[in-house]
Amino acid sequence: MLTATDRYLARLIAVPMLGTLVIAAMLLVLDKMLSLFDFVAAEGGPVSVVWRMLANMLPEYLSLGIPIGLMLGILLAFRKLALSSELDVMRAVGLSYGRLLRVPYLYCIALALLNFGIVGFVQPLSRHAYEALRFELRSGALGASIKVGEFTNLGKRMTMRIERSKDEGRNLQGIFVRAVGKDGQSVAVTAAQGTFLATDDPDVIIFRLRNGVLVNDGPKYKTPRILSFSSHDLPIDLPQIENFRGRDVDREKTIPELMVIGRSPATPDKLKAEVRANFHFRMVEVVFMFLLPLAALAFAIPPKRSTSALGVFLSIIFIVTYHKINQYGEGVGALGKVDPIIALWGPFLLASGLVLWMYHVIANRPGGQPIGALEVAFSKLGKQIVRLLRFGRRRAPADADVAGQGAA
């Protein structure tokens, strides 16, 4: 049963945790959105595909945002308790840090299971869907438009250029088309206006041209044939679009699929190293979340009579740095230079030792402060900076008085 203190802690943790998670996800999405808009615009695709691509990127962002949200949610809750002296009262009535961490660990277990579902099952499928959208956008399967004022290749044998587009592409002006047949015959057409029309054959469309000139040339013709027309229908064979690959990349495999591939004797050694590295990377990222409540508590409590927010800054550096080390370990393990177990679980053991030491200092040593030395160093640095700024302000009026006396 949760006590009133547990429910109070749960409310204190929930608000900053959810807020941090939303902010972190939105920042990552906004950063990616700009590059996606540029990519889609360069490929001439519809704007709606940007939102579909961002939706498929959300699981990857959440896999990093959830640990950050959990860390900062617990940290900010205990920091508030420490600054308001409520934490001292709770400790005075017999509540140990281990007892106070019961609610944070309930959050941790729930979010770790959620993160395992994301990185183990949802993220591989969404990553494959994202790459499929990129492929379809490049291949034109999403209805990429013809770029106005540029030469566009429709397949290997046709080139087209449109000078102007009106009425959302229904009225094209200043048209040039050149097509080369398999028998060596070529057709070059210029027309004042044109419109694309659908046919019963999904692989063929009609380009209805008006007020133009057609030049037909080939090996059998001594001179090119020239034809002026008021209306001419030019059939266009749509280029064949290749099917996107299957989920062949290790990052696009679910956890059970990685286990099957990694244990199969038929798997090549190079692929097996990549699969094992990716499997251990996902697992260590999830297991690492169980250290976050202890780390958050150690970073949250500032020294007495201090309101320093250095712990908040260090906590973000700690979790992001560890994530980058894991990414490097995955890359080294995938190359086969180091066993993935050593490359990924080695840093985890070091991080575990650091976190357990920090928790031991804050929980079992009276007045213990694991980041106390850094707090003192940053406090001295801050005082020096303030002193320099004050010195600059005092010196400026003095220089002005000397200048005034010289002018007198």
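Calculation criteria
- Residues numbered from 1 in each chain as written.
- Predicted model: local features only at pLDDT ≥ 70, side-chain atom pairs only at ≥ 80, totals over all residues.
- Heavy atoms only, no water.
- Patch = residues over 30% accessible without salt bridge, like charges linked within 9 Å, V, L, I, M, F, W, Y side chains within 5 Å.
- Areas by Shrake-Rupley, 256 points an atom, 1.4 Å probe, with all protein chains shown as cover.
- Salt bridge = Lys/Arg side-chain N within 4 Å of Asp/Glu carboxyl O.
- Lys, Arg positive; Asp, Glu negative; His and termini not counted.
- Charge placed at Lys NZ, Arg CZ, Asp CG, Glu CD.
- Helix = DSSP H or I, 4+ residues; strand = E, 2+ residues; numbered from the N terminus.
- Core = buried A, V, L, I, M, F, W, Y, C linked by side-chain atoms within 4.5 Å.
- Buried < 20%, exposed > 50% of the residue type's maximum accessible area, 1.4 Å probe, protein only.
- Contact = heavy atoms within 4.5 Å.
- Axes fitted to C-alpha atoms, helices over the stretch in contact; angles between N-to-C directions.
- Parallel < 35°, antiparallel > 145°, perpendicular 65-115°, else oblique.
- Left-handed = near helix turned anticlockwise from the far one by under 90°.
- Nonpolar A, V, L, I, M, F, W, Y, C, P; charged D, E, K, R; others polar.
- Phe/Tyr/Trp six-rings, centres within 6.5 Å; stacked < 30°, edge-to-face > 60°.
- Lys NZ or Arg CZ within 6 Å of the ring centre and 35° of its normal.
- Expected span 1.5 Å × (residues − 1).
- Pairing = 2+ DSSP bridges.
- UniProt positions renumbered as here; feature names shortened; annotations may be inferred.
- Domains from an automatic or database assignment.

A. Up close: a positive patch on the surface. On the surface, Lys 380, Lys 383, Arg 387 and Arg 390 cluster together to form a positively charged patch. Position of Arg 390 relative to the elements: it lies in helix α11 (residues 372–407).

B. Up close: the nonpolar core. Ranked by size, the top nonpolar core spans 58 residues in total, and within it Leu 70, Phe 78, Tyr 97, Tyr 107, Phe 288, Phe 299 and Tyr 359 carry the most contacts. Take this core: its biggest share by element is ten residues, from helix α2 (residues 48–83). Discounting residues that sit within four places of it in the chain, Phe 288 has contacts with Phe 318, Ile 319, Tyr 322, Phe 348 and Ala 351. Membership of the second largest hydrophobic core comes to 15 residues, among which are Met 158, Ala 191, Leu 209 and Leu 214.

C. Local environment of the packing of helix α7 (residues 269–287) against helix α9 (residues 310–334). Following both chains from N to C, one finds α7 and α9 inclined at 160°, their axes separated by 8 Å at the closest point. With respect to their mutual orientation, α7 and α9 come out roughly antiparallel. Regarding α7 and α9, the two cross each other, and that crossing is right-handed. Residues Lys 270, Ala 273, Glu 274, Ala 277, Asn 278, Phe 281, Val 284 and Glu 285 of α7 form the contact with α9, whose participating residues are Tyr 322, His 323, Asn 326, Gln 327, Glu 330, Gly 333 and Ala 334. Here the residues of the contact of α7 with α9 sort into six nonpolar, five polar and four charged.

D. Spotlight on the packing of aromatic side chains. Applying the stated criterion across every chain, the model contains eight aromatic pairs. Geometry around Tyr 97 places Arg 91 over its ring, the cationic atom sitting 4.2 Å from the centre. It is Arg 161 that lies over the ring of Phe 151; its NZ or CZ is 5.5 Å from the centre.

E. Molecular detail of a negative patch on the surface. On the surface, Asp 200, Asp 201, Asp 203 and Asp 237 cluster together into a negatively charged patch. Its place among the elements puts Asp 203 in the loop between β4 (186–198) and β5 (204–217).

F. Looking closely at the packing of α2 against helix α8 (residues 292–300). For the pair α2 and α8, the least separation of the axes is 8 Å and the interaxial angle reads 40°. Judged on the interaxial angle alone, α8 and α2 are oblique. α8 is crossed by α2, and the crossing has right-handed handedness. Contacts between α2 and α8 involve Pro 67, Leu 70, Met 71, Ile 74, Leu 75, Phe 78 and Arg 79 from the former and Leu 292, Pro 293, Ala 295, Ala 296, Leu 297, Phe 299 and Ala 300 from the latter. When the residues that make up the contact of α2 with α8 are grouped by side-chain class, the tally is 13 nonpolar, no polar and one charged.

G. The arrangement of α7 in detail. Helix length check: α7, at 19 residues, gives a terminal C-alpha distance of 27 Å against a target of 27 Å (1.5 Å per residue), a fit within 8%. When we look at burial in α7, the residues that qualify are Ala 273, Val 275, Ala 277, Asn 278, His 280, Phe 281, Arg 282, Val 284, Glu 285 and Val 286.

H. Focus on the sheet that holds strand β1 (residues 151–153). The strand order across the open sheet built from six strands is β1-β2-β3-β4-β5-β6, with neighbouring strands paired in antiparallel fashion. The open sheet has two free edges, formed respectively by β1 and β6 (225–237), since each of these has just one partner strand. Across this sheet, the average inter-strand angle for adjacent strands is 30°, counted without regard to direction. In terms of strand pairing, strand β3 (residues 171–180) meets β4 through eight bridges, oriented antiparallel. Across the sheet, Gln 173 pairs through a bridge with Gln 193, a residue of β4.

I. Inspection of the pairing of β4 at higher detail. The hairpin formed by β3 and β4 contains five residues between the paired strands, and Gly 184 there has a positive phi angle of roughly 95°. Examined bridge by bridge, β4 and β5 share twelve bridges and lie antiparallel to one another. Paired with Val 189 across the two strands is Leu 214, which belongs to β5.

J. The UniProt feature "transmembrane region" (unreviewed entry) in the protein, seen in detail. Mapped onto this numbering, the UniProt entry annotates "transmembrane region" (unreviewed entry) at residues 12–30, 61–82, 103–122, 279–301, 308–325 and 340–359. A helix fraction of 78% and a strand fraction of 0% characterise residues 279–301, whose end C-alpha atoms lie 35 Å from each other. Split by type, residues 308–325 is 89% helix and 0% strand. Its first and last C-alpha atoms lie 28 Å apart.

K. Broad picture of a nonpolar patch on the surface. A contiguous nonpolar surface patch, about 460 Å² in accessible area, is contributed by Leu 374, Phe 378, Leu 381, Ile 385 and Leu 389. Turning to its location among the elements, Leu 374 is positioned in helix α11.

L. Representation of the domain arrangement of the protein within the structure. With domains assigned, the protein is organised as domain 1 (4–138 + 248–388) and domain 2 (156–237). For domain 1 versus domain 2, the separation of C-alpha centres amounts to 57 Å.

M. Quick peek at α9. Between the first and last C-alpha of α9 there are 36 Å, a value that for 25 residues agrees with the 36 Å anticipated at 1.5 Å per step. At the exit of α9 stands Gly 336, carrying a positive phi of roughly 85°.

N. Seen up close, the pattern of salt bridges. Counted according to the given criterion, the structure contains eight salt bridges. Close ionic contact of Glu 274 with Lys 270 constitutes a salt bridge, the shortest N to O distance being 2.7 Å. Here Lys 270 and Glu 274 lie together in helix α7, a separation of four residues that amounts to about one turn. Its relative accessible area of 21% is what places Glu 274 among the partly exposed residues. You can call Lys 270 exposed: its relative accessible area is 59%.

O. View of unusual backbone geometry. Its identity is not glycine, yet Ser 85 carries a phi of approximately 65°, on the positive side. Classification of Ser 85 as partly exposed rests on a relative accessible area of 37%. The phi angle at Asn 211 is positive, at roughly 55°, despite the residue not being glycine.

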